[in-house]
Amino acid sequence: EAEVAQSPRYKITEKSQAVAFWCDPISGHATLYWYRQILGQGPELLVQFQDESVVDDSQLPKDRFSAERLKGVDSTLKIQPAELGDSAMYLCASTPQWSPHEQYFGPGTRLTVT
Amino acid sequence: QQQVKQSPQSLIVQKGGISIINCAYENTAFDYFPWYQQFPGKGPALLIAIRPDVSEKKEGRFTISFNKSAKQFSLHIMDSQPGDSATYFCAASIKSNYQLIWGAGTKLIIKP
């Protein structure tokens, strides 16, 4: 069964350092989402891609966060500099074109900023 | 109007019992209502979903009941098992952008 891949699974970084997360969506899924989930809360959308184009990044803190999906396949989310409040689970999801409502999530990257 | 309100925040059910989680929404433009199940340290997994032209959908032990006039929908887990212990999120989306609006989640514990 195809799955969304994310790496690393866990990341510990110091405040003010740069950190990057990688996501490889299910093959053929054109839409990709990045979410942030704080423990005990629902996922919060950060950015939505359609192929290589950003559809919505209105909730992305652009002073420190950036996201790209250069070839319309895998994607990278970067934080620079990391702050203590960035500690969270970062989730990637993708959707198939034939069923664009159905989002399939990866295992996430647990970020701890010290 | 973009909110989805979920209750209860936590729920304890005996093994074999019925677990019921409720959600309510305001935006009548929502046209897809999924439920996600999330285990600790994992990403959410799509469990079951319904569209507003259907009042009920059943998949195994999981049933969504949908009340369009009341703008409410609920998840019923029949014969609840300890393996069902997880956090459950309801959500809603609209066709214009397919983005999910999430409920706050319900932590379900099934006692053996």
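Let us look at the structure shown here. (Residues numbered from 1 in each chain as written. Chains lettered and ligands numbered in written order. Predicted model: local features only at pLDDT ≥ 70, side-chain atom pairs only at ≥ 80, totals over all residues. Heavy atoms only, no water.)

### Description of the packing of aromatic side chains
This model, assessed by the stated rule, comprises 18 aromatic pairs over all chains. Both rings, one in Tyr25(B) and one in Phe30(B), keep their centres 6.0 Å apart while their planes meet at 65°; by these two values the pair is edge-to-face. Since its relative accessible area comes to 3%, Phe30(B) is described here as buried. Geometrically, the ring pair formed by Phe30(B) and Phe33(B) is edge-to-face, given 6.4 Å between the ring centres and 85° between the ring planes. Phe33(B) carries the same exposure label as Phe30(B), and that label is buried. Grouped by ring-pair contacts, the aromatic residues Tyr33(A), Tyr35(A), Phe105(A), Tyr36(B), Phe89(B) and Trp102(B) constitute a single cluster. (Phe/Tyr/Trp six-rings, centres within 6.5 Å; stacked < 30°, edge-to-face > 60°. Buried < 20%, exposed > 50% of the residue type's maximum accessible area, 1.4 Å probe, protein only.)

### Examining the nonpolar core
Among soluble globular proteins, nonpolar side chains are generally buried collectively. Formed by 25 residues in total, the largest nonpolar core has its most connected members in Phe33(B), Trp35(B), Phe73(B), Leu75(B) and Tyr88(B). Breaking this core down by element, the ones donating at least two residues are strand S2 (10-14), strand S3 (19-25), strand S4 (33-38), strand S5 (45-50), strand S7 (62-67), strand S8 (72-77), strand S9 (86-93) and strand S11 (106-111) of chain B. By residue number, the principal contributor to this core is S9(B), which donates 4 residues. Aside from chain neighbours lying at most four places away, what touches Tyr88(B) is Gln6(B), Ile21(B), Tyr36(B), Gln37(B), Leu47(B), Phe62(B), Leu75(B), Ile77(B), Gly105(B), Thr106(B) and Leu108(B). Counting residues in each nonpolar core, the second largest holds 20 residues, with Val4(A), Leu77(A), Tyr90(A) and Val113(A) among its members. (Core = buried A, V, L, I, M, F, W, Y, C linked by side-chain atoms within 4.5 Å. Helix = DSSP H or I, 4+ residues; strand = E, 2+ residues; numbered from the N terminus. Contact = heavy atoms within 4.5 Å.)

### As for unusual backbone geometry
A cis geometry characterises the amide bond from Ser7(A) onward to Pro8(A), with omega recorded as -5°. Looking at the element boundaries, Pro8(A) is found in the loop between strand S1 (5-7) and strand S2 (10-13). The phi angle at Lys71(B) is positive, at roughly 55°, despite the residue not being glycine. Within the secondary structure layout, Lys71(B) lies in the loop between S7 and S8. A relative accessible area of 23% places Lys71(B) in the partly exposed class. Phi is positive for Tyr98(B), which is not a glycine, with a value near 60°. Here Tyr98(B) is to be found in the loop between S9 and strand S10 (100-102).

### Some words on the pairing of S8(B)
Residue and element names in this part refer to chain B. Strand direction decides the pairing type here: S3 and S8, joined by 6 bridges, are antiparallel. Across the sheet, residue Ile20 finds its bridge partner in S8, namely His76. By the bridge criterion, 6 bridges tie S7 to S8 in an arrangement that is antiparallel. Counted as the bridge partner of Thr63 is His76 from S8. Where S7 hands over to S8, the hairpin turn is made up of 4 residues, of which Lys71 adopts a positive phi near 55°. (Pairing = 2+ DSSP bridges.)

### Some thoughts on the state of the cysteines
A full pass over the atoms with the stated rule returns 2 disulfides over all chains. Cys23(A) shares a disulfide with Cys92(A); S-S distance 1.9 Å. Its S-S torsion of about -65° marks the bond between Cys23(A) and Cys92(A) as left-handed, since a negative value means left-handed. With Cys23(A) in strand S3 (residues 19-24) and Cys92(A) in strand S9 (residues 88-95), this pair connects stretches of sequence that are 69 residues apart. Cys92(A) shares its class with Cys23(A); the two are buried. A sulfur-sulfur separation of 1.9 Å characterises the disulfide bridge that pairs Cys23(B) with Cys90(B). Disulfide Cys23(B)-Cys90(B): the torsion about the S-S bond is -95°, which places it as left-handed. In this pair, Cys23(B) is assigned in strand S3 and Cys90(B) in strand S9, connecting sequence segments 67 residues apart. Accessibility classification places Cys23(B) together with Cys90(B) in one group, the buried group. (Disulfide = S-S within 2.5 Å.)

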